[in-house]
Amino acid sequence: MTIILSAALAALTIFFAVEIRRSLRRSSRSVALINKFLSDRDSQSLIDAIYEYALDDRRLKKIVEKYGADREDFARLHEKLMVWGDFRKYNRYVPITSFFYAGALNYLLEHKNDDAKSLTQKMMNYFNI
């Protein structure tokens, strides 16, 4: 019984460490992109960096594949989010940060044909802005 409980505790500890590492990586990458592209918000290399991160992350990759999203979808969504969400609050910048969270990205790709205002409002509510 002790061996089973020890193994379960070890598995939970490893899972926790992996998820914390993923969260810290996501946060640092998001903030780095915000700082780098805050003055050049319409850069194609920003969209490329966001799309590449989405393909590298195991959760985001599943969402991208589910909706068959490509760089053009990311670019169109970014343009829509820029209309109403072009401001920074702490380390959140809606047109960039929205692509780094699974729930937000899923909503964006599912509702990619919605108008800019409703998408931005949903993302602002998602991030409590």
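A brief look at the structure comes next.

Calculation notes
- Residues numbered from 1 in each chain as written.
- Predicted model: local features only at pLDDT ≥ 70, side-chain atom pairs only at ≥ 80, totals over all residues.
- Heavy atoms only, no water.
- Patch = residues over 30% accessible without salt bridge, like charges linked within 9 Å, V, L, I, M, F, W, Y side chains within 5 Å.
- Areas by Shrake-Rupley, 256 points an atom, 1.4 Å probe, with all protein chains shown as cover.
- Salt bridge = Lys/Arg side-chain N within 4 Å of Asp/Glu carboxyl O.
- Lys, Arg positive; Asp, Glu negative; His and termini not counted.
- Charge placed at Lys NZ, Arg CZ, Asp CG, Glu CD.
- Helix = DSSP H or I, 4+ residues; strand = E, 2+ residues; numbered from the N terminus.
- Buried < 20%, exposed > 50% of the residue type's maximum accessible area, 1.4 Å probe, protein only.
- Core = buried A, V, L, I, M, F, W, Y, C linked by side-chain atoms within 4.5 Å.
- Axes fitted to C-alpha atoms, helices over the stretch in contact; angles between N-to-C directions.
- Parallel < 35°, antiparallel > 145°, perpendicular 65-115°, else oblique.
- Contact = heavy atoms within 4.5 Å.

**A look at a positive patch on the surface**
- A cluster of basic residues, Arg21, Arg25, Arg29 and Lys36, forms a positive patch on the protein surface.
- Topologically, Arg25 is positioned in helix α1 (residues 2-37).
- Given a relative accessible area of 34%, Arg25 falls into the partly exposed group.

**Quick word on the nonpolar core**
- By size, the foremost hydrophobic cluster in this structure holds 33 residues, and its most contacted members are Leu33, Ile50, Phe74, Ile96, Phe99, Phe100 and Leu105.
- Counting residues per element, the ones that place at least two in this core are α1, α2 (44-56), α3 (58-67), α4 (71-85), α5 (94-97), α6 (102-110) and α7 (116-126).

**Re the packing of α2 against α3**
- In contact at an axis separation of 5 Å, α2 and α3 are set at 105 degrees when each is read in the N-to-C sense. In this view, α2 runs roughly perpendicular relative to α3, as classed from their interaxial angle. Each of Tyr51, Tyr53, Ala54, Leu55 and Asp56 in α2 lies in contact with α3, whose residues at this interface are Arg58, Leu60, Lys61 and Val64.

**Topic: the environment of Glu52**
- Inspection of the secondary structure puts Glu52 in helix α2.
- Spatially, the C-alpha atoms of Glu52 and Arg71 are 9.2 Å apart, while their sequence positions differ by 19 residues.

**Quick word on the pattern of salt bridges**
- Using the criterion set out here, one finds seven salt bridges in the structure.
- Among the salt bridges present, the one from Glu19 reaches Arg58, with a minimum N-O distance of 2.1 Å. Taken together, the residues span a long stretch of sequence, with Glu19 in helix α1 and Arg58 in helix α3 at a distance of 39 residues.
- Using a relative accessible area of 44% as the deciding quantity, one classes Arg58 as partly exposed.
- With a shortest N-O distance of 3.1 Å, Arg76 and Asp73 are connected by a salt bridge. Of this pair, Arg76 and Asp73 both sit in helix α4, separated by three residues, roughly a single helical turn.
- Classification of Asp73 by relative accessible area gives buried; the value is 7%.
- Because the salt bridges share partners, they merge into one network encompassing Glu19, Arg58 and Arg59.

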